[in-house]
Amino acid sequence: MVKIFKYLKRHEWVLVLFSLAFIVVQVWLDLKLPDYMAEITTKLQTGSSKISELLIPGSYMLLCAVGSMIASIIVGYFAAKVAAGLAMRLRGMVFDKTLSFSMEEINNFSTASLITRSTNDVTQIQTVVALGLQVIIKAPILAVWAIVKIADQNWQWTASTGGAVAALILMLSVIIIFALPKFKKIQQLTDNLNRVTRENLTGLRVVRAYNAEPYQEAKFEQANVELTKTNLFANRLMAMIGPGMTFIMSGLSVAIYWIGAYLINAAAVPDRITLFSNMVVFSSYAMQVVMAFMMVSMIFIMMPRASVSAKRIMEVLNTEARIVDGKETGGKTELTGQVEFRNVSFKYPDAEEPVLRNISFTVRRGETVAFIGATGSGKTSVINLIPRFYDTTEGEVLVDGVSVKNYTQEALHNKIGYVPQRAVLFSGTVTSNVVYGDNGKGADGKPEMSGELVKKAVEIAQGSEFVENMEGKYEGQIAQGGANVSGGQKQRLSIARAIYRQPEIYIFDDSFSALDYKTDRILRSALKKQTGDATTLIVAQRIGTIKDADRIIVLENGEIVGSGTHEELMDHCSTYQEIAYSQLSKEELVHG
Ligand SMILES: Nc1ncnc2c1ncn2[C@@H]1O[C@H](COP(=O)(O)OP(=O)(O)OP(=O)(O)O)[C@@H](O)[C@H]1O
């Protein structure tokens with residue numbers, strides 16, 4: 001938890017110091033009240049005092065109370081400001097850190113847990129800092145100050161206060177022992193609830209289509225009930241603190257007055273008034289002592305709860321992404337656009353077996369190379385190594401003659417136009433989706449060209465017709481995840497995004513499968529004209545999509561089993577022949 005405080009800015013530390021000053025004022029004013037009370041009691045007991053004489057200490061009491069209230073409002077304001085500032089920074093840092101993670105780290109934490117960590121856990125810290133800042137500083141000051149004030153009173157009263165404090169500590173210890181493990185569990189169960197909710201929402205259509213609502217409900221119910229039960233248990237325990245506190249404080253008051261009654265009875269008549277006034281003052285201070293210990297204990301209760309959250313946040317912040325940047329930003333000019341795999345083997349983190357073995361090939365500038373193979377043969381895994389979504393286990397991937405590990409990721413990604421298997425669109429407009437990101441050169445430098453370039457990119461991606469029919473055309477709204485456009489339209493916009501980027505290397509991961517055959521063909525031929533000397537890597541399931549590629553690489557169980565043109569492979573690669581015959585008639589294959 002303490003480590004989290006290193007993220008406080010200097011001006012926030014200044015606010016903490018100001019809070020400290022105001023808390024000292026507040027405690028001083030609070031502890032001044034019993035003194036005036038004693039004065040009033042003494043005056044009342046003398047019998048001859050007038051109402052006007054009581055007004056002065058009474059007004060001072062009022063002033064102290066108002067002053068204490070103002071000080072506490074100011075402290076609350078500062079504490080809230082510090083807590084909200086810290087929470088904002090932590091959320092930002094967790095978000096930025098997550099952006100730097102490779103798929104390996106994301107999978108290790110799980111998306112649901114990363115969401116809980118950047119929302120719920122940060123809120124826990126914010127609450128604790130806002131409350132704790134007031135209590136942590138106030139409690140010790142109040143405790144010491146109040147104890148000093150009552151230190152020279154008689155031992156019976158002091159002993160009863162000591163007894164009350166001991167009872168309080170005992171009660172809180174028991175509660176803490178049982179409640180603490182539950183707090184840890186609550187955060188994990190919140191992760192779980194998040195996961196189930198997410199899964200349900202993303203798969204809603206399948207859930208409906210398969211009438212799986214009862215199954216999903218049962219799954220959610222289980223997660224929900226588990227979280228509720230744990231929450232209830234912890235909160236019920238915590239709820240015992242209030243009544244327990246009142247019981248101890250009332251008990252202490254009774255004890256002080258009881259003892260006082262005996263003491264007053266036993267004292268000589270002239271001393272009785274002083275003793276009575278001392279008793280009233282003592283009981284006020286004793287309450288403050290108990291309150292202070294109560295606050296100290298609250299710190300012990302809040303801290304572990306927040307430290308669970310702090311630990312979870314620090315885990316994210318301290319995780320170093322496995323994929324680290326190199327220094328290279330350019331690459332070898334004479335090898336621009338070249339992609340080379342040298343004896344690459346790759347195993348997914350935590351997997352037993354490598355999914356790629358001994359992959360070697362070179363794609364030169366301007367070449368179109370396609371990858372084909374059965375489902376799970378490793379096509380996506382091969383191309384994921386180029387933008388460094390994962391790093392190779394053995395061997396090297398080179399872009400422009402330089403190992404991808406030596407590039408800064410920004411420079412590497414600037415060379416690549418990547419279109420994933422499942423098109424991803426972001427909430428915004430058609431244009432904002434096409435001009436998405438930064439290519440380090442492109443139209444960003446020429447905003448006046450941007451509109452034209454977007455149109456051109458959409459046109460090549462065969463998306464003009466549907467975009468121009470959309471309300472708002474290029475400024476038409478795209479819902480989150482592209483929910484308001486069809487799968488094929490999504491894919492076209494996602495291809496337009498890569499074209500707009502004008503990269504050296506295009507990577508299409510099965511990006512044409514959502515398109516009909518005709519569009520697929522027109523798109524590829526328009527793309528060919530546009531891309532000119534750009535290198536193109538295509539993963540495809542359909543022979544038709546890749547037939548005219550300069551080279552086709554056939555994968556089987558993570559190994560290359562054939563490489564050549566369509567005709568060459570039809571001649572001598574049995575795996576390719578199998579795929580081809582299963583998709584096209586002999587006639588189509590011969591006559592194209
Ligand atoms: N994130 C992952 N973690 C562990 N194993 C994975 C992961 N992704 C894929 N695999 C495994 O790697 C193998 C190759 O998967 P890959 O996605 O590269 O195949 P593919 O040829 O692209 O398949 P498809 O044509 O179905 O997209 C599969 O056996 C799969 O189970």
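None of the values given here were measured: they were computed from a predicted structure. (Residues numbered from 1 in each chain as written. Predicted model: local features only at pLDDT ≥ 70, side-chain atom pairs only at ≥ 80, totals over all residues. Heavy atoms only, no water.)

Once that is clear, we can look at the site of the ligand. The immediate surroundings of the ligand are formed by 13 residues, with Lys379, Thr380, Ser381, Gln421 and Gln541 found nearest. Contact distances for the ligand include 3.0 Å between an oxygen atom and a backbone N or O atom of Gly378. Take Ser381: an N or O atom from its side chain is 2.5 Å from an oxygen atom of the ligand. Bound to the protein, the ligand loses 63% of the 630 Å² it would expose on its own. (Near = heavy atom within 4 Å. Polar contact = N/O pair within 3.5 Å; in protein donor to acceptor, adjacent residues only side chain to side chain. Areas by Shrake-Rupley, 256 points an atom, 1.4 Å probe, with all protein chains shown as cover.)

Right, let's talk about the sheet that holds strand β4 (residues 394-399) for a bit. With antiparallel pairing, the 4 strands of this open sheet are ordered in space as β2-β1-β4-β5. Both edges of this open sheet fall to β2 (356-363) and β5 (402-403), since each of them pairs with a single strand only. As defined by bridge partners, strand β1 (residues 339-346) adjoins β4 across 5 bridges and the pair is classed as antiparallel. By the bridge assignment, Val339 is partnered in β4 with Val399. (Pairing = 2+ DSSP bridges. Helix = DSSP H or I, 4+ residues; strand = E, 2+ residues; numbered from the N terminus.)

Let us look at the environment of Lys32. Tracing the chain through its elements places Lys32 in helix α1 (residues 10-46). Its relative accessible area of 23% is what places Lys32 among the partly exposed residues. (Buried < 20%, exposed > 50% of the residue type's maximum accessible area, 1.4 Å probe, protein only.)

Once that is clear, we can look at the packing of α1 against helix α2 (residues 51-100). In contact at an axis separation of 8 Å, α1 and α2 are set at 160 degrees when each is read in the N-to-C sense. Judged on the interaxial angle alone, α2 and α1 are roughly antiparallel. Helix-helix and strand crossings are classified by hand; for α1 and α2 the assignment is left-handed. (Axes fitted to C-alpha atoms, helices over the stretch in contact; angles between N-to-C directions. Parallel < 35°, antiparallel > 145°, perpendicular 65-115°, else oblique. Left-handed = near helix turned anticlockwise from the far one by under 90°.)

On the basis of which strands lie adjacent, the open sheet formed by 6 strands has the order β6-β9-β10-β3-β11-β12 and mixed pairing. Pairing within the sheet leaves two strands with one partner each, and these edge strands are β6 (416-419) and β12 (559-564). Across the sheet, the mean angle separating the axes of adjacent strands is 15 degrees when strand polarity is ignored. Sheet topology note: the strand β3 (residues 368-373)/strand β10 (residues 535-539) ladder contains 4 bridges and is parallel. When the sheet's bridge partners are listed, Ala370 is paired in β10 with Ile538. Relative to β6, helix α15 (residues 487-500) is tilted by about 175 degrees, and along the sheet it contacts β6 and β9 (505-509). Most of the contacts of helix α19 (residues 574-583) go to strand β11 (residues 551-556), to which it runs at about 100 degrees, and overall it touches β3, β11 and β12. (Contact = heavy atoms within 4.5 Å.)

The next thing to look at is the UniProt feature "transmembrane region" (unreviewed entry) in the chain. Using the residue numbers shown here, the UniProt feature "transmembrane region" (unreviewed entry) corresponds to residues 12-29, 60-80, 127-148, 160-180, 237-259 and 279-302. In the segment residues 160-180, helix accounts for 100% and strand for 0%; the C-alpha atoms at its two ends are 30 Å apart. (UniProt positions renumbered as here; feature names shortened; annotations may be inferred.)

Take the side chain of Asn384 next. Of note, Asn384 is situated in helix α10 (residues 379-384). Not counting the four nearest positions on each side in its chain, Asn384 is found in contact with Tyr348, Phe389, Tyr390 and Tyr418.

This paragraph deals with the environment of Leu63. With respect to the secondary-structure elements, Leu63 resides in helix α2. Exposure remark for Leu63: the relative accessible area of 57% places this residue in the exposed category. As for Leu63 and Leu29, which are separated by 34 residues in sequence, their C-alpha atoms are 8.9 Å apart.

Attention now moves to a nonpolar patch on the surface. A contiguous nonpolar surface patch, about 480 Å² in accessible area, is contributed by Leu62, Val66, Met69, Ile70 and Ile73. Relative to the elements of secondary structure, Ile70 occurs in helix α2. (Patch = residues over 30% accessible without salt bridge, like charges linked within 9 Å, V, L, I, M, F, W, Y side chains within 5 Å. Salt bridge = Lys/Arg side-chain N within 4 Å of Asp/Glu carboxyl O.)

This paragraph deals with the side chain of Gln26. Relative to the assigned elements, Gln26 resides in helix α1. Using a relative accessible area of 8% as the deciding quantity, one classes Gln26 as buried.

A separate point is the domain arrangement of the chain. In terms of domains, the chain is made up of domain 1 (2-318), domain 2 (333-415 + 503-591) and domain 3 (424-489). Here the C-alpha centroids of domain 1 and domain 3 sit 52 Å apart. (Domains from an automatic or database assignment.)

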